Amino acid sequence: MSALLEVSDLRVRYGHSTALDGVDLTVGEGELVAVAGANGAGKSTLVNAVAGWSRGRATATGAVRLDGRELAGMAPHRRTKHGIVLVPEGKGVFEQLTVEDNLRLVQPPKNAVGKRYEIEDIYEVFPQLPDRSSARCSTLSGGERQMVAVGRALRAAPRLLILDEPSVGLAPRLVLTVLRHVRDLVRGGLSVLLVEQNVKATLEVADRLYLLERGRVAGSGTASEMRGDERIAAAYLGGLTG
Amino acid sequence: MNVVPQLVNGVALGAGYALLAVGWTVLLSAARLVNFAHGQLYMLGAFVTWFAISSLGVPYLAAIPIAVVVVAVIGLVMQLLMTRLVLQQNIVSLMLVTLAFGYLIEGGAASIFGGNPEIIDSPFRGHNLTLGSARFTEQDVLILVAALVMYAGTFLVLTRTKVGRVVRGVAEDPKLAQLYGINAAKVYVGVFVFAAASAALAGAVIAPRSPILTSIGFQEVIITFLVVVLGGIGSIIGSLVVGLGLGIFVALFGAFASPAYSTAAAFAVLLVVLVLRPEGFKTR
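Note that the structure is a prediction, hence the values are computed from the model and not measured.

A. Layout of the sheet that holds strand β1 (residues 3–14) of chain A. Residue and element names in this part refer to chain A. If you walk across this open sheet you meet the four strands as β2-β1-β4-β5, and the pairing is antiparallel. The sheet terminates laterally at β2 (17–28) and β5 (69–70), the two strands that pair on one side only. Examined bridge by bridge, strand β4 (residues 58–66) and β5 share two bridges and lie antiparallel to one another. Note that in β5 the partner of L66 across the bridge is R69.

Here you go:
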């Protein structure tokens, strides 16, 4: 499979501390790739650096290529236009704006390579949203906000959708629902890079998984390979029998 | 003593305060920026209007857009020079840098336009109107109309249009805006230029009420700051209400207590309000 996203030797520093120390990673066309790891392993740093984005003052070096095109040094709003669209961890919507305003803020680019989502298409993907369309996002539940954040991202016609902990704050039984939603999008042709705490659920939907430890890739492989990986089993699946 | 003339006078005064504050209100709410050269841009708007009329022979109503465009261009240059500070949201440096721009503009204006008091020859300032026992000029009406139109227009643009959504998004979270594909730096430039242009409009419309000097900027920036802070930093409606209220307060205080202390009294009100309600009069 030809890689849509190719990350090589990615290093990120916050001041004097190294958060990411030479990471290589690929995501193929129509592939769902997950990143797992303990808190502080560098998962968010990794996906933020792919989007060229940071809430802090991160400095990144290394190559980030989308379809062979080098994006390193490009501002995040321009990467969005090239098709790398990130839904960040935590606050991913404008809370003072309504659901519909959030969605309308993003126009599908005229020469969109990815699928075009009109507002109605978003409402079809998330049938709970139309009823809340004129509600301010600050009044939504965590799950509803996450839907708006993902809906907003889809509006940008992404080629690579990056989701950083989309299920955070959701009830455990909803996590798999969210991940199945993501899987459906991938079935529609989208490529997804996913960071997710719930590794067990992630392995049910992901094609491949990277395990990060202290800013480095400690292991990677297909979902079924990684299910058998001792470190994954011990740390995330509740022992070898999990 | 009759209250009505003072009320009418206060409304005209207050409409002027509000008009001068609209740009800074948007600047603070949308970009969390301050511009301590705002008063000097007001002064420049007034002097460009005066210059266009008295030296170029342009009619008053045509001189207004000239002043707006000239000052907008100066605002654009200022903002482009400050881009890095703006993106870092380095407020302390921005206060100093804009203050420095203010003094430069004041010095430049003094060397170009001279140090004498000048009068903007507006055709509306001589025409007196009466309302009961109150007397006011057509210029006062123009100020009120300009203020209401600017506030209504700004409010509609911010709440009803795509541009407004973008500006409100950047106001809430400029980092997140980048992920929406929004170039926050461009939005900052747009908002700053709007603020500069509206200060020029205020200068062109308000200044014909009294003789102008190139040193009037600083007093104006202080009043603007007062209105914006009391209005609840960044609240459009708040600035309009506080601007009008402050005008009426100053007029009444000047008439019934002492005009010499009206600015001090206005700041005393600011102190009391901010001690009791640190967020100003803003309700939400």
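B. Structural detail: the sheet that holds strand β3 (residues 32–37) of chain A. Residues and elements named next belong to chain A. Ordered in space as β6-β7-β8-β3-β9-β10, the six strands form an open sheet in which the pairing is mixed. The two strands at the open ends of the sheet, each matched to only one other strand, are β6 (84–87) and β10 (216–222). Between one strand axis and the next, the sheet turns through 15 degrees on average, direction left out of account. Sheet topology places β3 next to strand β9 (residues 208–213); five bridges connect them, and they run parallel. Residue pairing across strands places A36 opposite L211, the latter belonging to β9. This element, helix α6 (residues 172–187), spans β3, β7 (160–164) and β8 (191–195) of the sheet and lies at about 155 degrees to β8.

C. Up close: the interface of chain B and chain A. Listed per partner, the contact involves 14 residues of chain B and 19 residues of chain A. Only α7 (162–172) and α8 (174–179) of chain B provide two or more residues apiece to the side of chain B that touches chain A. In terms of residue count, α7 of chain B provides more of the side of chain B that touches chain A than any other element does, five residues in total. Residues that form the side of chain B that touches chain A fall into these classes: five nonpolar, four polar and five charged.

D. Focus on helix α1 (residues 3–31) of chain B. Residues and elements named next belong to chain B. An ideal rise of 1.5 Å per residue puts 42 Å on 29 residues; α1 measures up with 40 Å between its terminal C-alpha atoms. Along α1, the helix axis deviates most sharply at A21, where the bend reaches about 35 degrees. Counting buried residues along α1, 25 of its 29 residues qualify, which places the element largely inside the surrounding structure. In the segment just after α1, R32 is the residue with positive phi, at about 50 degrees.

E. How the structure looks around the packing of helix α6 (residues 138–160) of chain B against α7 of chain B. All names here are of chain B. For the pair α6 and α7, interaxial distance at closest approach is 5 Å and the crossing angle is 80 degrees. Taken together, the axis directions place α6 and α7 in an arrangement best described as roughly perpendicular. Together, V157, L158, T159 and R160 of α6 and V163, G164, V167 and R168 of α7 make up the contact between the two elements. Across the contact of α6 with α7, the residue classes break down as four nonpolar, two polar and two charged.

F. Main features of the packing of α6 of chain B against helix α9 (residues 184–206) of chain B. Residues and elements named next belong to chain B. At a minimum axis separation of 9 Å, α6 and α9 run at an interaxial angle of 160 degrees. When the axes of α6 and α9 are compared, the pair comes out roughly antiparallel. The interaxial crossing formed by α6 with α9 has right-handed handedness. Packed against α6, whose contacting residues are L142, I143, A146 and M150, the element α9 presents S198, L201, V205 and I206 at the interface. In terms of residue class, the contact of α6 with α9 is built from seven nonpolar, one polar and no charged.

G. Spotlight on the pairing of β4 of chain A. Residue and element names in this part refer to chain A. Sheet topology places β1 next to β4; eight bridges connect them, and they run antiparallel. In the sheet register, Y14 faces β4, and the bridge partner there is A58. Hairpin connection between β4 and β5: a loop of two residues separates the two successive antiparallel strands, and D67 in this loop has a positive phi of roughly 55 degrees.

H. Just the environment of I248 of chain B, in detail. All names here are of chain B. Topologically, I248 is positioned in helix α11 (residues 236–256). Residue class for I248 comes out partly exposed when judged on the 19 C-beta atoms lying within 10 Å of it. Aside from chain neighbours lying at most four places away, what touches I248 is L7, G10, V11 and G14.

I. Spatial organisation of helix α3 (residues 60–81) of chain B. Between its first and last C-alpha atoms α3 of chain B spans 32 Å; for 22 residues at 1.5 Å apiece the expected length is 32 Å, and the two agree. Inspection of α3 of chain B places Y60, A63, I64, A67, V68, V70, V71, A72, I74, G75, M78 and Q79 of chain B among the buried residues, and these make up the whole buried set.

The rules behind the values
Residues numbered from 1 in each chain as written. Chains lettered and ligands numbered in written order. Predicted model: local features only at pLDDT ≥ 70, side-chain atom pairs only at ≥ 80, totals over all residues. Pairing = 2+ DSSP bridges. Helix = DSSP H or I, 4+ residues; strand = E, 2+ residues; numbered from the N terminus. Axes fitted to C-alpha atoms, helices over the stretch in contact; angles between N-to-C directions. Contact = placed C-beta atoms within 7 Å. Nonpolar A, V, L, I, M, F, W, Y, C, P; charged D, E, K, R; others polar. Expected span 1.5 Å × (residues − 1). Bend = angle between axes of the 7 residues up to and from the residue. Buried ≥ 20, exposed ≤ 12 C-beta atoms within 10 Å, placed from the backbone. Parallel < 35°, antiparallel > 145°, perpendicular 65-115°, else oblique. Left-handed = near helix turned anticlockwise from the far one by under 90°.

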